[in-house]
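Per-entry structural report
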Amino acid sequence: MRAFTQHQGLVAPLDRSNVDTDMIIPKQFLKSIKRTGFGPNLFDELRYLDEGQPGRDNSQRPLNPDFVLNQPRYQGASVLLARSNFGCGSSREHAPWALEDFGFRVIIAPSFADIFYNNSFKNGLLPLVLDEKIVDQLFQRVEANPGYQLTVDLEQQVVLTPEGDSFPFEVDNFRRHCLLNGLDDIGVTLEDADNISAFEAKRRQDAPWLFEPLS
Amino acid sequence: MSGKTLYDKLWDAHLVKQRDDGSALIYIDRQLLHEVTSPQAFEGLRLANRKPWRVDANLATTDHNVPTTGRERGVDGIEDPVSKIQVLTLGSNCEEFGIVEYGMTDKRQGIVHVIGPEQGATLPGMTIVCGDSHTSTHGAFGALAHGIGTSEVEHVLATQCLVQKKSKNMKVEVNGTLNPGVTAKDVILAIIGKIGTAGGTGYAIEFAGSAIRSLSMEGRMTVCNMTIEAGARAGMVAVDDTTIEYVRGRPLAPKGDQWEQAVQAWKTLQSDADAVFDKVVTLDAASIQPQVSWGTSPEMVTNVGGRVPDPAKEADPIKREGIERALKYMGLKPNTPITEIRLDRVFIGSCTNARIEDLREAAAVVKGKTVASSLKQAMVVPGSGLVKAQAEAEGLDKIFLAAGLEWREPGCSMCLAMNADKLGDGEHCASTSNRNFEGRQGFGGRTHLVNPAMAAAAAIHGHFVDIAAADTAAV
């Protein structure tokens, strides 16, 4: 996984709450057996006027001019500003894969759905919770200032604005540690292989029916 | 010190290691796998040269992509070459790693959340995960079950553990008696309507109260299934005689002395009387009416006797905009009576409502009647090969076919429209599935979530009807 320490980037505002993972990456693109290549179909139904299909050349499709990510001023955005309950619904990890593949490194929202939040950290994408009032303020500033950028410092756990604000944010120590160092958390878990084996042996004794072979 | 909740007990029983940084290693008893969210996990194992930690903890089936016609042709019956590759990839991965798979022509194949309980692969007291958010279904057995992403599927394959942070405890208590015609689906939709789609975020929810206890296992599964639509990853119901009787005799359930030993252990799977919950929500069962969703989020739901809401009456500007956007997508005008929404298709199926009890309820409504001529399609998709066989043994297929509904092969089907079963642009569908998101059932499709009997009645009339009220009037 790509490490994340500090990031400065252009902010794109997606002004709606309850953005679900079906919206982030529609089902037909989940047929892929790869982890990459989802970026061109991020927000497919909002971004294009027609129905997308896997394998199709997206450059020939009609764009929805009203969709925020199609507006010239937000080209190259790497920070997505969103409303509450971002990433709700399906557990598909294709959602963070698509956001990351498109070029996003940070999603800022007042709240995230649990599974999406968890999946993002596994892919070098930082979901960052700020208070609703601050998010509101950021929406206004992004709207008012073309080229508006934010700096996110994971080490210091702050968001720095061009106006000189420093908004602190919370993140679990373990997730922060893995993200800062780009760690494969399977490797970290396997350092406890002896503990897992010992637990398993006891469980096998206490609940042997859980260890019967399947057929 | 106060007692433990059911969730506390399940957590403690699976805690391998509490780390200093607040995270914990939790042991996973069962992983269910399907074709959509597993290929990248298997590929990850191969790239890192890792093997599954415990092969027998995993059970796989193919459900999301499979066509619901022409099953006798097996994988060759999949027209879409991309879908076919995904289904074949699951087969080859399971073969390579020695994992049991119920493939397309296996009688036991079906929706992963239907077959786990049906086979006894889902047992009380387990931790159960799957790369699918509706894994919460299995919590109905007094298990800790939740959906995970593909990286975590790989993590469980490789380590038999997950890195977790403990959730908070919420109890949703539904007391009293449900009115005739009101089902588990209406209970969970009413709960989501009350607490909202983010109401359970950060919590594990235990469903309790006399109305929950009186539900069958099928009903409890329906309730737990949609816990994720209330924002909570895991929902659960305490073990009682109903749970144990459902599990007894299942192919993978414990046998002989192990059965006795297991039942003794399972009987402890309830919250202690003095357990403290971080949040408690209560509902009066008698106040719940048949529910119909009108918008593009499962919280956008009302009584069948109600009306489409008027955004002008919403004070919160973000919510108002959400309602306006939903009504525009759904092609609905404010204040329209729910019973006047014209339907194009009806879908009875999904991991929420494709078990035998659901099909019996739907069949009872359509028996001797005919699907409205205004409908383009009404289809019934059983949850598994065994549900299909059971329904056919009871003659339910004949009832559906005689009424003009289609009787299909098992799979996820139009719930998420990854196969050929989908809505056309702008079409309204009465659906027993779990999500009414934009485009969920097909590009531009408009989903209304309902219970199986309501969907069946809508198929007959071409619009929603208050079947409970109609029954009362008939008496």
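Our subject in this report is the structure included herewith. Note that this is a predicted model, so its numbers are computed, not measured.

1. As for the overall build of chain B
Each helix and strand counted, chain B has 16 helices and 19 strands in total. Taken over the C-alpha trace, chain B has a radius of gyration of 22 Å; the compact-globule value for 475 residues is 23 Å, and the two agree within 12%. Taken over the C-alpha atoms alone, chain B extends approximately 55 × 55 × 45 Å along its principal axes. The buried share of chain B, taken over its 475 residues, is 67%. Sequence separation of at least 24 residues holds for 76% of the intrachain contacts in chain B that already meet a minimum separation of 6. As displayed, chain B has an accessible area near 15,700 Å², and 50% of this comes from carbon and sulfur atoms. Treating the 49 positive side-chain charges of chain B as one cloud and the 57 negative ones as another, the clouds have centres 1 Å apart.

2. A closer look at the sheet that holds strand S3 (residues 30-33) of chain B
Residue and element names in this part refer to chain B. Across the sheet, which stays open at both edges, the five strands sit in the order S5-S4-S3-S6-S7 with parallel pairing between neighbours. Edge positions in the open sheet fall to strand S5 (100-102) and strand S7 (144-147), since each of these has one partner strand only. Along the sheet, successive strands turn relative to each other by an average axial angle of 20°, direction set aside. Where S3 and strand S6 (residues 127-130) come together, three bridges link them in parallel fashion. Bridging from a neighbouring strand, Leu32 pairs with Cys130 of S6.

3. A closer look at the pattern of salt bridges
Enumeration according to the criterion identifies 42 salt bridges over all chains in this entry. Put simply, B:Glu438 and A:Arg16 hold a salt bridge, and the shortest N to O gap is 3.0 Å. Here B:Glu438, found in the loop between strand S18 (428-431) and strand S19 (446-449), pairs with A:Arg16, found in the loop between strand S1 (6-14) and helix H1 (21-24), and the two come from separate chains. Salt bridges sharing common partners tie together A:Asp44, A:Asp50, A:Arg56 and A:Arg61.

4. Brief notes about the interface of chain B and chain A
Taken together, the contacts link 81 residues of chain B with 65 residues of chain A. Summing the contributions of chain B and of chain A, the shared interface buries around 6,100 Å²; its carbon and sulfur component is 56%. A per-residue breakdown of the area chain B buries against chain A is headed by B:Gln40, B:Trp53 and B:Phe443, which together make up 12% of the total. If you look at where chain B meets chain A, you find ten salt bridges. When the shortest N-O distance is used, the salt bridge between B:Lys165 and A:Asp172 registers 3.3 Å. Linking chain B to chain A there are 32 residue pairs in polar contact (both at pLDDT 80 or more). Here the element with the most residues in the side of chain B that touches chain A is helix H5 (residues 150-159) of chain B; it accounts for seven residues. When the residues that make up the side of chain B that touches chain A are grouped by side-chain class, the tally is 32 nonpolar, 28 polar and 21 charged.

5. Observations concerning the pairing of strand S1 (residues 15-18) of chain B
Residues and elements named next belong to chain B. Two elements, S1 and strand S2 (residues 24-27), share three bridges in a ladder whose sense is antiparallel. Bridging across to S2, Gln18 finds its partner in Ala24. Between S1 and S2, which pair antiparallel and follow one another directly, the connecting turn spans five residues, one of which, Gly22, has a positive phi of 95°.

6. Points about the environment of A:Tyr117
Residue and element names in this part refer to chain A. Summarising the element assignment, Tyr117 is placed in helix H4 (residues 114-121). Taking the C-alpha atoms as reference points, Tyr117 and Arg47, separated by 70 residues in sequence, lie 23 Å from one another. The contact partners of Tyr117, leaving out residues within four places of it in the chain, are Phe112, Pro127, Val129, Glu170 and Arg175.

7. Overview of the side chain of B:Glu154
Here B:Glu154 shows up in helix H5. For B:Glu154, a relative accessible area of 9% translates into the label buried. If we ignore the near neighbours within four places in the chain, the residues touching B:Glu154 are A:Arg35, A:Ile186, B:Gln40, B:Ala41, B:Gly44 and B:Leu45.

8. Quick word on empty space enclosed by the protein
Empty space left among the atoms is revealed by rolling a probe the size of a water molecule over them. Residues and elements named next belong to chain B. Counted according to the given criterion, the structure contains five cavities of 30 Å³ or more. Approximately 210 Å³ is the volume attributed to the largest cavity. Lining the largest cavity are 24 residues, with His64, Asp132, His134, Leu416 and Arg440 sitting closest to its centre. Residues that form the lining of the largest cavity fall into these classes: eight nonpolar, eleven polar and five charged. There is about 130 Å³ of room inside the second largest cavity.

9. Here we look at the packing of helix H12 (residues 356-366) of chain B against helix H15 (residues 452-461) of chain B
All names here are of chain B. Look at H12 against H15: their axes get within 8 Å of each other, and the N-to-C directions meet at 30°. Taken together, the axes of H12 and H15 lie roughly parallel to each other. Our pair here, H12 against H15, has a crossing hand that is right-handed. Contact residues: H12 offers Asp358, Glu361, Ala362, Val365 and Val366, while H15 offers Pro452, Ala453, Ala456, Ala457 and Ile460.

10. Here's the deal with the nonpolar core
A:Phe43, A:Phe86, A:Leu99, A:Leu130, B:Phe400 and B:Phe464 are the most contacted members of the largest nonpolar core, which has 111 residues in total. Counting residues per element, this core draws most heavily on H15(B), at eight residues.

11. Here's the deal with unusual backbone geometry
Phi at A:Gln157 is positive, roughly 55°, even though this residue is not glycine. Within the secondary structure, A:Gln157 is located in the loop between strand S5 (149-153) and strand S6 (158-160). Here B:Asn335, not a glycine, exhibits a phi torsion of approximately 70°, which is positive. We classify B:Asn335 as partly exposed; its relative accessible area is 31%.

What counts, and where the lines are drawn
Residues numbered from 1 in each chain as written. Chains lettered and ligands numbered in written order. Predicted model: local features only at pLDDT ≥ 70, side-chain atom pairs only at ≥ 80, totals over all residues. Heavy atoms only, no water. Helix = DSSP H or I, 4+ residues; strand = E, 2+ residues; numbered from the N terminus. Rg over C-alpha atoms; globule rule 2.2 N^0.38 Å. Buried < 20%, exposed > 50% of the residue type's maximum accessible area, 1.4 Å probe, protein only. Contact = heavy atoms within 4.5 Å. Areas by Shrake-Rupley, 256 points an atom, 1.4 Å probe, with all protein chains shown as cover. Lys, Arg positive; Asp, Glu negative; His and termini not counted. Charge placed at Lys NZ, Arg CZ, Asp CG, Glu CD. Pairing = 2+ DSSP bridges. Axes fitted to C-alpha atoms, helices over the stretch in contact; angles between N-to-C directions. Salt bridge = Lys/Arg side-chain N within 4 Å of Asp/Glu carboxyl O. Buried area = accessible area lost by both parts, 1.4 Å probe. Polar contact = N/O pair within 3.5 Å; in protein donor to acceptor, adjacent residues only side chain to side chain. Nonpolar A, V, L, I, M, F, W, Y, C, P; charged D, E, K, R; others polar. 1 Å grid on protein atoms, 1.4 Å probe; cavity = no way out; pocket = protein on both sides within 12 Å on 5 of 7 lines; lining within 4 Å. Points joined across faces, edges and corners; volume = space filled by probe spheres on them. Parallel < 35°, antiparallel > 145°, perpendicular 65-115°, else oblique. Left-handed = near helix turned anticlockwise from the far one by under 90°. Core = buried A, V, L, I, M, F, W, Y, C linked by side-chain atoms within 4.5 Å.

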